[in-house]
Amino acid sequence: KNQVEQSPQSLIILEGKNCTLQCNYTVSPFSNLRWYKQDTGRGPVSLTIMTFSENTKSNGRYTATLDADTKQSSLHITASQLSDSASYICVVSAYSGAGSYQLTFGKGTKLSVIP
Amino acid sequence: DAGVIQSPRHEVTEMGQEVTLRCKPISGHNSLFWYRQTMMRGLELLIYFNNNVPIDDSGMPEDRFSAKMPNASFSTLKIQPSEPRDSAVYFCATWGRHLTDYGYTFGSGTRLTVV
């Protein structure tokens, strides 16, 4: 059964500090992995997408890494800002045949950045 | 570009009442998805349509749930009769190119509370 596990469940950090969120998955056959940011009361918004051959991808202060051998990904946030307070969801896509893809969602990490 | 538009944003209803959630997809996006999000289970796929045709409804919890997509610009998710355990945030998402990204675009969700 395809699964995506995220840790920690929640995290509180001081403004300006760095943090790293983890995502472990057992999804096959792997197609790609996305990190989404979900602000309170909003839908998820894509931050990064990584395919099998990509190890690192950055989007501003967000850097995602992918280790396809160990099936782990991380999202590193540098110099956190109050606006980074949100839930971060890891989503792994598996090819299910006939041009279709199946998404498996993690339950997210709730990040709170405090002044 | 308004993105995926959902209505209403909030809905409070009494147990046993019919609830209808609405979604207007991004023009040109041929795939539409209905998701439910709860704290306990995270995001769960309920049903998705491709070119207005339901492709996979295996995530629909039970016969009380039904979804329609009468045309490319409108979809509904109906719950009849509603129960307290249906309380959740329901998201509509579409697949395609939006602004600078290619992938899923989520609406802002409908927060449903059944009392």
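What about the overall build of chain A?
In terms of helices and strands, chain A carries 0 helices and 11 strands. For chain A, the α and β elements follow one another from N to C terminus as β-β-β-β-β-β-β-β-β-β-β. Against the compact-globule benchmark of 13 Å for 115 residues, chain A has a radius of gyration of 14 Å, which places it among compact chains. Judged by the C-alpha coordinates and their principal axes, chain A covers about 50 × 30 × 20 Å. Looking at chain A as a whole, 42% of its 115 residues are labelled buried. Sequence-distant contacts in chain A: of pairs separated by 6 or more residues, those separated by 24 or more amount to 55%. If you sum the accessible surface of chain A, you get close to 5,800 Å²; carbon and sulfur atoms cover 49% of it.

Comments concerning the pattern of salt bridges
In a structure, side chains of opposite charge can pair up when their charged atoms sit close to one another. Residues and elements named next belong to chain B. Under the defined criterion, the tally for this structure stands at 11 salt bridges over all chains. Where Lys 78 meets Glu 18, a salt bridge forms, and the shortest distance between an N and an O atom there is 3.8 Å. Of this pair, Lys 78 sits in strand β8 (residues 74–79) while Glu 18 sits in the loop between β2 (10–13) and β3 (19–24), and the two are 60 residues apart along the sequence. Accessibility expressed as a relative area gives 30% for Lys 78, which makes it partly exposed. Taking relative accessible area as the criterion, Glu 18 reaches 46% and is therefore assigned partly exposed. Close ionic contact of Glu 62 with Arg 85 constitutes a salt bridge, the shortest N to O distance being 3.2 Å. Highlighted residues: Glu 62 in the loop between β6 (53–56) and β7 (65–71) and Arg 85 in the loop between β8 and β9 (88–98), separated in sequence by 23 residues. Linked by salt bridges that have partners in common, Glu 62, Arg 64, Glu 83, Arg 85 and Asp 86 make up one network.

Criteria and thresholds
- Residues numbered from 1 in each chain as written.
- Chains lettered and ligands numbered in written order.
- Predicted model: local features only at pLDDT ≥ 70, side-chain atom pairs only at ≥ 80, totals over all residues.
- Heavy atoms only, no water.
- Helix = DSSP H or I, 4+ residues; strand = E, 2+ residues; numbered from the N terminus.
- Rg over C-alpha atoms; globule rule 2.2 N^0.38 Å.
- Buried < 20%, exposed > 50% of the residue type's maximum accessible area, 1.4 Å probe, protein only.
- Contact = heavy atoms within 4.5 Å.
- Areas by Shrake-Rupley, 256 points an atom, 1.4 Å probe, with all protein chains shown as cover.
- Salt bridge = Lys/Arg side-chain N within 4 Å of Asp/Glu carboxyl O.

Geometry only, nothing functional implied.
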